[in-house]
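# Close look at the chain arrangement
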Amino acid sequence: MSHAHALHPGDDCFRLAMNSSGIGMAIIGLDGTWREINPALEHMLGYRGAELIGRPAARWVHPDDAEHARAQTEALIDGRIATVDAPQRYLHRNGDTVWVHANAVVMRSPAGAPLYLLVQLRDTSAQRQAEAALRANAEQHATALEASNRQLQLFADAVSHDLRAPLRSIDSFSALLAERAGDALDETSRDYLARVRSAATRMGSLLAALSDLSYATRAELKPAAVDLSLIAEWVAAELQEAEPERSADMRVQPGLIGVGDERLLKLLLTELIGNAWKFSRECPQARIDVSGETGEDGALRLRVRDAGCGFDMRYAHKLFEPFQRLHGPEQGAGHGLGLAIAQRIVERHHGHLRAESTPGGGSTFHLELPAAPAP
């Protein structure tokens, strides 16, 4: 260990520990000059001890950090702060910047007078370079992923558009054929024609659901306070208007306010209330209840309850998986994407969605939305 003009901070054990440490250590006088340095610090800065001892330590501090380092040193000596524990930059002999994590304390006499500074410098350059490389790599991947997602969205939109046009033609011409030649067709032929129209309708519904799933996954979130009671009433009115012949008792608790993206929350309630509506088809009167409360943590806990056909909880793990159906078409099962869309929206809002049900006893979906806006 170089020790020209050395001070004597302690016994030989202290010097041995300092000399053998893999972390840069130094003693700096109250005048700001190097008094003792260890081999690790020599290696860190690229200088021999003899080239540093007696010279101002500030000369090797990066210019952008020099003023802050000076202020911290003064505060340390004056006793306004007890320690320095902060990142700092130094200059290597070859001109490179050396990032360190600096720890410094003032050693004082029994009477409390400052004697010198004991400094420890841990080289963090490699760590910072690795973190910078990781950030750059992550940003590169994020940019590539965003571009890929845009391409996938454009592809999905194009496919959906190009498929819907022929489906509309199939449905339209099938309807014209049924109207013009219906009397000339036998019962089997009319059944075939009805099946063609039904298949076209199902395919159109599936394309719409795939488009909604894509939107729920990739749409930019614009969080705000949302009146979910108003949205639930809106969804209920749309369902009743689409099937005015059905008897329904739909109740919505007023004042249910959640935080999230209004468009996505509208889609979420459309899927949940629509699910209750579908699986209440066999009931003389559909009974759907939307209620909830805001907890002490500010999170909204919402319930969508129905008195429909219900399901067996042994298969609940399949409930939110795409294309999984727990019921047959005769019970109202659709394309199998509705609850997957709902779950994706809830995940993007950092919330929770679960269901409880009994066969023939209806279902209740429990939704929790956190108070803080989703990032």
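Below, the structure is looked at part by part.

Cut-offs used in this document
Residues numbered from 1 in each chain as written. Predicted model: local features only at pLDDT ≥ 70, side-chain atom pairs only at ≥ 80, totals over all residues. Heavy atoms only, no water. Helix = DSSP H or I, 4+ residues; strand = E, 2+ residues; numbered from the N terminus. Buried < 20%, exposed > 50% of the residue type's maximum accessible area, 1.4 Å probe, protein only. Contact = heavy atoms within 4.5 Å. Areas by Shrake-Rupley, 256 points an atom, 1.4 Å probe, with all protein chains shown as cover. Pairing = 2+ DSSP bridges. Expected span 1.5 Å × (residues − 1). Disulfide = S-S within 2.5 Å. Axes fitted to C-alpha atoms, helices over the stretch in contact; angles between N-to-C directions. Parallel < 35°, antiparallel > 145°, perpendicular 65-115°, else oblique. Left-handed = near helix turned anticlockwise from the far one by under 90°. Nonpolar A, V, L, I, M, F, W, Y, C, P; charged D, E, K, R; others polar. Salt bridge = Lys/Arg side-chain N within 4 Å of Asp/Glu carboxyl O. Phe/Tyr/Trp six-rings, centres within 6.5 Å; stacked < 30°, edge-to-face > 60°. Lys NZ or Arg CZ within 6 Å of the ring centre and 35° of its normal. Core = buried A, V, L, I, M, F, W, Y, C linked by side-chain atoms within 4.5 Å.

Secondary structure assignment for the chain yields nine helices and twelve strands. In the chain, which comprises 375 residues, the proportion classed as buried is 37%. Considering only contacts within the chain whose residues lie at least 6 apart along the sequence, 60% involve residues at least 24 apart. Here the chain displays about 21,200 Å² of accessible surface, and carbon together with sulfur accounts for 55% of that area.

Right, let's talk about the pairing of strand E2 (residues 34–37) for a bit. With three bridges connecting them, strand E1 (residues 24–29) and E2 associate as antiparallel partners. Residue Ile27 lies in a different strand from E2, and its bridge partner there is Glu36. Taking the residues that link successive antiparallel strands as the turn, the E1-E2 hairpin has four residues, and the phi of Gly32 there is positive, at about 90°.

With that out of the way, let us pick up helix H8 (residues 262–278). In a regular helix each residue adds 1.5 Å, so 17 residues correspond to 24 Å; H8 covers 24 Å between its end C-alpha atoms and thus fits that length. Of all 17 residues in H8, 13 are buried; the element is thus mostly enclosed.

Our next topic: the pairing of strand E10 (residues 300–306). For E10, the tally of buried residues reaches five of seven residues, placing the bulk of the element in the interior. Looking at chain direction, strand E9 (residues 286–294) and E10 are connected through seven bridges and run antiparallel. For Val290, the partnering residue across the bridge sits in E10 and is Val304. Between E9 and E10, which follow one another and run antiparallel, lie five residues, and Gly298 among them has a positive phi close to 90°. In the sheet, E10 pairs with strand E12 (residues 363–369) via six bridges, with the strands oriented antiparallel. Within E12, the residue paired with Leu302 across the bridge is Leu367.

Tallied over the full model, the rule gives zero disulfides. Cysteine Cys283 is unpaired, with the sulfur of Cys309 as its nearest cysteine sulfur at 7.7 Å.

For the pair helix H7 (residues 228–242) and H8, interaxial distance at closest approach is 9 Å and the crossing angle is 50°. Accordingly, the angle class assigned to the pair H7 and H8 is oblique. Considering only the axes of H7 and H8, their crossing is right-handed. Along the contact surface, H7 presents Leu228, Ile231, Ala232, Trp234, Val235, Glu238, Leu239 and Gln240, while H8 presents Glu262, Leu265, Lys266, Leu269, Thr270, Ile273, Gly274 and Trp277. Looking at the contact of H7 with H8 residue by residue, the class counts come to ten nonpolar, three polar and three charged.

The subject of this paragraph is unusual backbone geometry. Phi angles above zero are rare outside glycine, and His350 is one such case at about 60°. Among the structural elements, His350 can be located in the loop between helix H9 (338–348) and strand E11 (352–357).

Another point: the pattern of salt bridges. Summed over the entire model, instances satisfying the criterion amount to 19 salt bridges. The partner of Lys266 in a salt bridge is Glu238, and the shortest N-O contact between them spans 3.5 Å. Within this pair, whereas Lys266 is found in helix H8, its partner Glu238 is found in helix H7, the two being separated by 28 residues in sequence. Glu238 sits in the partly exposed class, given a relative accessible area of 35%. The partner of Arg344 in a salt bridge is Glu347, and the shortest N-O contact between them spans 3.4 Å. Taken together, the residues span about one helical turn, with Arg344 and Glu347 both in helix H9 at a distance of three residues. A relative accessible area of 28% places Arg344 in the partly exposed class.

For H9, the tally of buried residues reaches nine of eleven residues, placing the bulk of the element in the interior. Among the residues of H9, those classed as buried are Gly338, Leu339, Ala340, Ile341, Ala342, Gln343, Ile345, Val346 and Arg348. In this fold, the buried residues of H9 make contact with helix H6 (187–218), H8, E11 and E12. One or two steps after H9, the chain reaches His350, where phi turns positive at roughly 60°.

Now for the packing of aromatic side chains. Scanning the entire structure with this criterion turns up two aromatic pairs. A ring pair is formed by Tyr47 and Trp60, whose centres lie 5.6 Å apart and whose planes are at 85°; its orientation type is edge-to-face. In this pair, Tyr47 is assigned in the loop between helix H2 (39–45) and helix H3 (49–52) and Trp60 in the loop between H3 and helix H4 (63–78), connecting sequence segments 13 residues apart. The pair Tyr47 / Trp60 is uniform in exposure class, with both members buried. What links up through ring pairs into an aromatic cluster is the set Trp34, Tyr47 and Trp60. Taking the ring centre of Trp277 as reference, the NZ or CZ of Arg246 above it sits at 3.9 Å. The ring of Trp234 carries the charged tip of Lys266 above its face, separated from the ring centre by 4.6 Å.

Further remarks concern the nonpolar core. A general trend in soluble globular proteins is that nonpolar side chains are found buried together. Counting residues in hydrophobic clusters, the biggest one holds 41 residues, and the most contacted among them are Leu228 and Ile273. Broken down by secondary-structure element, the contributors of at least two residues to this core are H6, H7, H8, E9, E10, H9, E11 and E12. Counting residues per element, this core draws most heavily on H8, which supplies nine residues. Those residues in contact with Ile273 that lie beyond four places of it in its chain are Ala232, Val235, Leu239, Ile288, Val290 and Val304. Ranked by size, the runner-up nonpolar core spans 25 residues in total, among them Leu45, Val84, Val100 and Leu121.

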